[in-house]
Amino acid sequence: MKRMFKKLQITRVPLRWKIIGITAGVVLLMRLTEYLYVHTIMVKELETEFLARFSGIMKHISSSITNPMLTENTSTISHILKETKSSDPDILYIYLLKDRNKILSHTFIKGFPIDLLKLSDGNIRWKTYEGMNYISFKADKKKIYHIKTALPLNNEAELHMGFSTDYIKSVINQINYIFSAITLFLFIIAIGISTYLSSKITKPINEIVSATNLVGIGDFSQRININTGDELETLGTNFNRMVENLEKSKAELEKTFEKLLQTEKFTAIGTLSAGLAHELNNPLSGIYNLLKILKTKELPEEKREEYFRVIFESLDRVQNIVRRLLDYTRKEDDGLIENINIRDLIKNSLLLIPSTTSETLLHFVDHLPPSGGIVYGNKEQLQEVIMNILLNALYAIKDKPDGKIIIEGTLNNGMVHITITDNGDGIPATIKHRIFDPFFTTKPAGMGTGLGLPLSLRIIEKHGGELYVESIENVGTTVKILLPVKEE
């Protein structure tokens, strides 16, 4: 029951149907009120009218049979009773009693029903109307009103008359039919009007809801045009103004994001500069020494060719280092979306780490499929994420002789998993909840901006992925990146 109740609670009824339902409810309530009125007040009024009518008939009969009663002219009395009954279809019977149980005359064709004599029993409680007594009872599933009155000149004689309520029923039924027809007509009119009005109200509301849903998923081009001249039009105008402001705010945030991303790149370059300078110095020193020898000494042709070959190889090495730096720092258009091979992306990121470091500390465990794990997105931004995490890991193990970083790539349930684990200092539990706060950093001044993880999280979420950080102080840290595989 509780589960069913909860299910009913969360069931949403559209506003349009609420308006139509309320209108229909009002009309039906009016009909119920009419029904109660007809079956209470009007029934009583009709019964009173009937009693007045038959009371008059009783008085007329009483005056008509006064003389025949004095002369005991039963034939005249019988004629008067039968003539009166035949003149009114609602009269069921008339009879005259004397001494409560002696039948002087009656209008029954098949004989007088003896059961009617029980009505003269003193135990029956009669109601009074204008000096006459009456009761009601059911016979053959019909309601019958029975009136009696004592004759003016002979109190021992009683005149009894029974009349049917069929007329009252027919009047009530006619009124019900009329009211039902009117109610049906009003119901149809009310439903039509409420449907029209509800559509006029709900249509602009549905437009706003639809536009709001699209804005919610990032489509800020939505505008609505409501010309109702009321509060809905004001709501539409305010909605358009709000979307325009959101669009401007989004553009400003994107610009800020790009600036912060570029800043973080240059910070990373600063971190790598010492190792890269060493990598550049070695081939440049070799080139300088070889050129000096070639200039000052006469060498055999074979030796000269060997020196020139080494010089060109060293220059190629310098060119590759510079190219990697340029590729990493180049500001790409955010709209440049392409297929990205995650295996190549990880390897290219590792190339930016100085070779002396990467050979001893970094280990890439490749469990990716032969395709490399293809995702769809911005290559430079995803590489920035990997670089940020790698640099954080390198900083965490800088004082550990046995420091190690393991990068693992796997494919699982349609998601590429990139896991970067180090055995560094770990993150203290007291600050773990702040690692994604912008500008929060544990590094000394000048060594970190506190933007690496916040920017990385935003980039991954923009690509429809997830980023998790698990860390134990003095044990190490694991960063998990999940990215959706591009559908074939």
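Residues numbered from 1 in each chain as written. Predicted model: local features only at pLDDT ≥ 70, side-chain atom pairs only at ≥ 80, totals over all residues. Heavy atoms only, no water.

Time to look at the overall build of the protein chain. Helices and strands together make up the secondary structure of the protein chain, namely 11 helices and 13 strands. In the protein chain, which comprises 488 residues, the share counted as buried stands at 38%. Partitioning the intrachain contacts of the protein chain with sequence separation of at least 6 by distance along the chain shows that 65% fall at a separation of at least 24. Of the roughly 29600 Å² of accessible surface on the protein chain, 57% is carried by carbon and sulfur atoms. (Helix = DSSP H or I, 4+ residues; strand = E, 2+ residues; numbered from the N terminus. Buried < 20%, exposed > 50% of the residue type's maximum accessible area, 1.4 Å probe, protein only. Contact = heavy atoms within 4.5 Å. Areas by Shrake-Rupley, 256 points an atom, 1.4 Å probe, with all protein chains shown as cover.)

Another point: the packing of helix α10 (residues 379-396) against helix α11 (residues 452-462). Relative orientation of the contacting elements α10 and α11 amounts to 145°, with a least axis distance of 9 Å. α11 is crossed by α10, and the crossing has left-handed handedness. Only Gly-452, Leu-453, Ser-456, Ile-459, Ile-460 and Lys-462 of α11 make contact with α10, whose side of the interface consists of Gln-381, Leu-382, Val-385, Asn-388 and Asn-392. (Axes fitted to C-alpha atoms, helices over the stretch in contact; angles between N-to-C directions. Left-handed = near helix turned anticlockwise from the far one by under 90°.)

Further remarks concern the sheet that holds strand β13 (residues 476-484). In a beta sheet, neighbouring strands are held together by backbone hydrogen bonds and run either parallel or antiparallel to one another. Spatially, the five strands line up as an open sheet ordered β8-β10-β11-β13-β12, and their pairing is mixed. Each edge of the sheet is formed by a strand with only one pairing partner; in this case those strands are β8 (362-366) and β12 (466-472). Adjacent strand axes in the sheet meet at a mean angle of 15°, parallel and antiparallel pairs treated alike. Looking at chain direction, strand β10 (residues 405-412) and strand β11 (residues 415-422) are connected through eight bridges and run antiparallel. Note on β11: the bridge partner recorded for Asn-412 is Met-415. Packed on one face of the sheet, helix α8 (residues 342-351) meets β8, β10, β11 and β13 and runs near 170° to β8. Sheet contacts for α10: β8, β10, β11, β12 and β13; angle to β11, the most-contacted strand, approximately 20°. (Pairing = 2+ DSSP bridges.)

Moving on, we come to the side chain of Thr-107. Tracing the backbone through its elements, the reader meets Thr-107 in the loop between β2 (102-106) and β3 (127-129). A distance of 3.0 Å separates the side chain of Thr-107 from the backbone nitrogen of Ile-94, its partner in a polar contact. (Polar contact = N/O pair within 3.5 Å; in protein donor to acceptor, adjacent residues only side chain to side chain.)

Before going further, it helps to spend a moment on unusual backbone geometry. Positive phi, close to 55°, is recorded for Asn-413, a residue that is not glycine. Relative to the elements of secondary structure, Asn-413 occurs in the loop between β10 and β11. Not every positive phi belongs to a glycine, and Asn-474 is a case in point at roughly 65°. Residue placement: Asn-474 occurs in the loop between β12 and β13. Classification of Asn-474 by relative accessible area gives exposed; the value is 59%.

This part covers the side chain of Thr-149. By the secondary structure assignment, Thr-149 is in strand β5 (residues 142-151). Contacts of Thr-149, omitting those with residues within four sequence positions, involve Met-58, Ser-62, Gly-131, Met-132, Ala-157, Glu-158 and Leu-159.

Here we come to α11. Counting buried residues along α11, eight of its 11 residues qualify, which places the element largely inside the surrounding structure. In the segment just after α11, Gly-464 is the residue with positive phi, at about 75°.

Evaluated as defined, the whole model comprises two cavities of 30 Å³ or more. Counted as a void, the second largest cavity has a volume near 30 Å³. Lining the second largest cavity, in full, are Leu-51, Ser-55, Tyr-129, Met-132, Tyr-134 and Ile-147. Its residues assigned to classes, the lining of the second largest cavity comprises five nonpolar, one polar and no charged. (1 Å grid on protein atoms, 1.4 Å probe; cavity = no way out; pocket = protein on both sides within 12 Å on 5 of 7 lines; lining within 4 Å. Points joined across faces, edges and corners; volume = space filled by probe spheres on them. Nonpolar A, V, L, I, M, F, W, Y, C, P; charged D, E, K, R; others polar.)

On to the nonpolar core. Ile-342, Ile-405, Ile-407, Ile-418 and Leu-467 are the most contacted members of the largest nonpolar core, which totals 38 residues. Counting only elements with at least two residues in this core, the list comes to α8, α10, β10, β11, α11, β12 and β13. Looking at this core, the element that brings in the most residues is α10, giving nine residues. Ignoring anything within four residues of it in the chain, the contact list for Ile-418 reads Ile-342, Ile-346, Ile-386, Ile-407, Glu-408, Val-479, Lys-480 and Ile-481. Formed by 31 residues, the second largest nonpolar core is a distinct cluster that contains Val-43, Ile-77, Met-132 and Tyr-145. (Core = buried A, V, L, I, M, F, W, Y, C linked by side-chain atoms within 4.5 Å.)

With that out of the way, let us pick up the pairing of β12. Along β12, the buried face is formed by Leu-467, Val-469 and Ser-471; none of Glu-466, Tyr-468, Glu-470 and Ile-472, which line the opposite face, is buried. Two elements, β12 and β13, share seven bridges in a ladder whose sense is antiparallel. Across the sheet, residue Glu-466 finds its bridge partner in β13, namely Leu-482.

Moving on to the layout of surface pockets. In this model, the second largest pocket occupies a volume close to 280 Å³. Around the second largest pocket sit Leu-92, Tyr-93, Phe-108, Pro-113, Asp-115, Leu-116, Leu-119, Phe-137, Ala-139, Asp-140, Lys-142 and Ile-144, which together line it. Sorting the residues of the lining of the second largest pocket by element identifies β1 (91-98), β4 (132-139) and β5 as the ones contributing at least two each.

Going through the model one piece at a time under the given rule, you end up with nine salt bridges. Salt-bridge contacts for Lys-59 lead to Glu-130; the nearest nitrogen and oxygen are separated by 3.9 Å. Of this pair, Lys-59 sits in helix α2 (residues 15-64) while Glu-130 sits in the loop between β3 and β4; the two residues are 71 residues apart in sequence, bridging distant segments of the chain. When the shortest N-O distance is used, the salt bridge between Arg-223 and Glu-244 registers 3.8 Å. Here Arg-223, found in the loop between α5 (166-216) and α6 (231-296), pairs with Glu-244, found in helix α6; they are 21 residues apart in sequence, far enough to count as distant. (Salt bridge = Lys/Arg side-chain N within 4 Å of Asp/Glu carboxyl O.)

Another aspect to go through is α8. A turn of α-helix holds 3.6 residues, and therefore any two residues three or four places apart point the same way. Of the residues making up α8, those classed as buried are Ile-342, Arg-343, Leu-345, Ile-346, Ser-349 and Leu-350. The buried residues of α8 occupy an angular sector of 165° when the element is viewed end-on, so they sit on one face. Of the residues flanking the start of α8, the one acting as N-cap is Asn-341, its side-chain oxygen 3.0 Å from the backbone nitrogen of Arg-343. (Arc of directions from axis to C-beta.)

So, to be careful, I would describe these as geometric facts and stop short of saying anything about function.
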